[in-house]
Every structure is written in structure tokens, then in C-alpha cells.
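Residues per chain are reported as follows:
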Amino acid sequence: MLPRKVSKEFIEGLPKSELHVHLEGTLEPELKLKLAKKNNIDIGQSTIEDVEATYHYTSLASFLAVYYPGMNVLQTESDFYELAMAYLKKAHEQGVVHTEMFFDPQAHIIRGVPLNYVINGFYQACVDARAFGIDAQLIMCFLRDMSARSAMDLLNAAQPYHNKILGICLDSYEHHNPPLKFMQPFSLAVEQGYHITMHADVDQIDSIEHIKQALEIINVERLDHGTNIVENKDLVDWVNQLHLGLTSCPLSNELITDNDLKGDEILDLLDIGVKVSINSDDPAYFGGYIADNYWALASEYKVTPEQIVQLAKNSIETSWISKEQKQLYLEQIDKYVEEYDG
Ligand code: ADE
Ligand code: ZN
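Residues numbered from 1 in each chain as written. Chains lettered and ligands numbered in written order. Predicted model: local features only at pLDDT ≥ 70, side-chain atom pairs only at ≥ 80, totals over all residues. Heavy atoms only, no water.

Caption draft 1: Structural detail: the environment of His 195. Along the chain, His 195 turns up in strand β5 (residues 195-200). A sequence separation of 118 residues divides His 195 from Lys 313, and the C-alpha atoms of the two residues are 20 Å apart. In contact with His 195, not counting residues within four places along its chain, are Leu 166, Gly 167, Ile 168, Glu 221 and Trp 320. (Helix = DSSP H or I, 4+ residues; strand = E, 2+ residues; numbered from the N terminus. Contact = heavy atoms within 4.5 Å.)

In C-alpha cells:
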């Protein structure tokens, strides 16, 4: 039975899907330090407290300035495996049954790390995580502050790994890097059979114009973040009518804006039927995994248990799995609620 009030424990046990998590953003300070030592990389900090002291952001740009240098510790295939495995275990503890995880190959290739280390390490973790009941898939990102040529080169280089990659995303620094810059690599990605999504980070310069391009010209299947659509009724109608998923990340929103989880926007969109879901984005950097994000929303806004369940259902419905698999997970959610005794 549904509880009268939302609790962290109810959220943690609720079967859910995570559709917006960057594997490089799951690099916890402990693992960062361990890999730095193993690989002889000077990251400028030697204790967890020192590492955490660098985690101060007030914008997307200031976050990315901490996020990219942290990746230097990832050198071998087993480093990528260990990173993904650590995330998958945590996600499993927080009720995740299915996840579609972003990764940023260009950020590794430019450091001289071969693409096969990145993809094979991450993919092997996906395979091994099946043993503890998570279905994990990979979404390859193009960095929007690099060129369209570089994105095309990555798409071509990833051709031998096509069966290990479910979709393509656009992430990184948004200003002056509109979706249209990547028209060609995204068209080719669709031709090659990939699913496509793009970041529309909250409150960016030109957010609405970028969202219009992503939805109306590139025809993305989901929007990552994207809650700025509330500023434009036509965009809300578009997203609603096409049942497009919006992958929202409250703790990330809080840290890259002026303390705004965007809970009002998330709940307004949910109420009118938009398929918004809750996700963690870069959990090691933003202070919480998926259940912590649901809980941040539930504890700071008026959120009912029905709304929490709808958010979890949205995460399944807007995932890129088969209709049959979606049905199974949706039934798992109903069964969890039916049997819940709290
Ligand atoms: N890369 C990692 N996290 C990101 C975010 N929230 N926005 C854009 N690029 C990212
Ligand atoms: Zn993101």
C-alpha cells in the first residue's frame, strides 16, 4: 500500500531507472585518490578533504573546470571498469533496475587514452552487473565545446563498438555551442540506428533557442535537464504530445544555479503529464545518488507518494528498452507499492 508520507526508505526500495548519469561524474574522491596513486598522477590533492575542498561550483562552467581534470586518473581499461562497477553497485542499492549511462570518450582520447580501454572497461562492468540484477547500457556523448568534425571522427571510431552503445548524447559547455552545430553527426547517428538525446542544462544563455533546435530540428528522443521548457507553452505542448522524457537532476540544479533544485518546474511539469524523471547527473560531485535526488525533492517540496511513483514510472517509460521490458519493470513498481508496508 502507498505510504501516507514519502520516506527515504520508500524511495530507495522503489524500482526505478536512471537515465542521466555521467560515469566520469561518479568518480568518488576515494577512488580518485586511489587511482592517482596507482597511476602516478599528481592531481594536486592528497586527502579526501583536499579533494572535496575543490568541489565548489556556481555555474556549469565552474563545475566542468573541476570535472575534467579529475578524469586524468583514469588510465587503464580496469580503471574504467572499476569506476562503472562502483557506480552500478551504489545504483543497485538505491533501487535502480535499469540504467543508461553517459560517458565522454573525447575527454579521454585527447589525453592519449585509447577508445577501446574506455568502451571495453565500461562495457564489461555492464555485463558483470547483470549478476546482481541491474540492466546497464551505455550512451556515448559528444563534447559540444569540441568541433563537429571531432564528433564525426568519434562516431566513426566507435563503429566497431556499435553493439555496445545504445545511444548518442551531447554534453559539456553549452554557451555558443548550439545543437545545430552537431546536425551532421546526429543525423548520421540516427541513420546508424542509435537513439539520440541532448543536454539542455538549466538556465543557460539561449536555453530556449537551444531546446527548440534539439526538439524541432534534431528531433531528439529525450532532453537532459530541459526544465526551461516551462518558459514556453509551445515547447511544453510539444514535449507532452510526443511523450518525450525530460531527465531532471535536482541536486545538480541546486549546485549549478543559485540554490534552486527546480522543484517547482519539475512538479508543475509532472502534474500536466510531462514524462519528467529524477536522476543524479554527476553524483560524486553533486552530493548524492539517485535516491538522494528523489529525497532532496521530496523533503524540500510538497511531494506525494503518488508523485514519487509517477516519477519512477516515467523513468521506465522514457527509457530505451523494449515495450515488454518496460511492462515488466512497471509491474515491479506496482508490486512494490502493493506489498509496501511502511
Ligand atoms: N558533463 C557532465 N555533467 C554535465 C552536465 N550537467 N552538463 C553538461 N555536461 C556535463
Ligand atoms: Zn548531465
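There's more to say after this.
Caption draft 2: Layout of the site of ligand 1. By nearness alone, every residue bordering ligand 1 is listed as His 22, Leu 60, Phe 63, Leu 64, Tyr 67, Asp 171, Ser 172, His 199, Asp 201, His 225, Asp 281 and Asp 282. Contact between ligand 1 and Ser 172: a nitrogen atom at 2.8 Å from a main-chain N or O atom of the residue. Here Asp 201 contributes a side-chain N or O atom positioned 2.8 Å from a nitrogen atom of ligand 1. Coverage of ligand 1 by the protein amounts to 100% of the 260 Å² it exposes when considered alone. (Near = heavy atom within 4 Å. Polar contact = N/O pair within 3.5 Å; in protein donor to acceptor, adjacent residues only side chain to side chain. Areas by Shrake-Rupley, 256 points an atom, 1.4 Å probe, with all protein chains shown as cover.)

Caption draft 3: A look at the packing of helix α15 (residues 290-300) against helix α16 (residues 305-317). The interhelical angle for the contact between α15 and α16, taken along N-to-C directions, is 150 degrees, at an axis separation of 11 Å. The two elements α15 and α16 cross, and the hand of that crossing is right-handed. Residues Tyr 294, Leu 297 and Ala 298 of α15 form the contact with α16, whose participating residues are Ile 308, Leu 311, Ala 312 and Ser 315. Residues that form the contact of α15 with α16 fall into these classes: 6 nonpolar, 1 polar and no charged. (Axes fitted to C-alpha atoms, helices over the stretch in contact; angles between N-to-C directions. Left-handed = near helix turned anticlockwise from the far one by under 90°. Nonpolar A, V, L, I, M, F, W, Y, C, P; charged D, E, K, R; others polar.)

Fair warning: the whole summary comes from geometry, so function is off the table for now.
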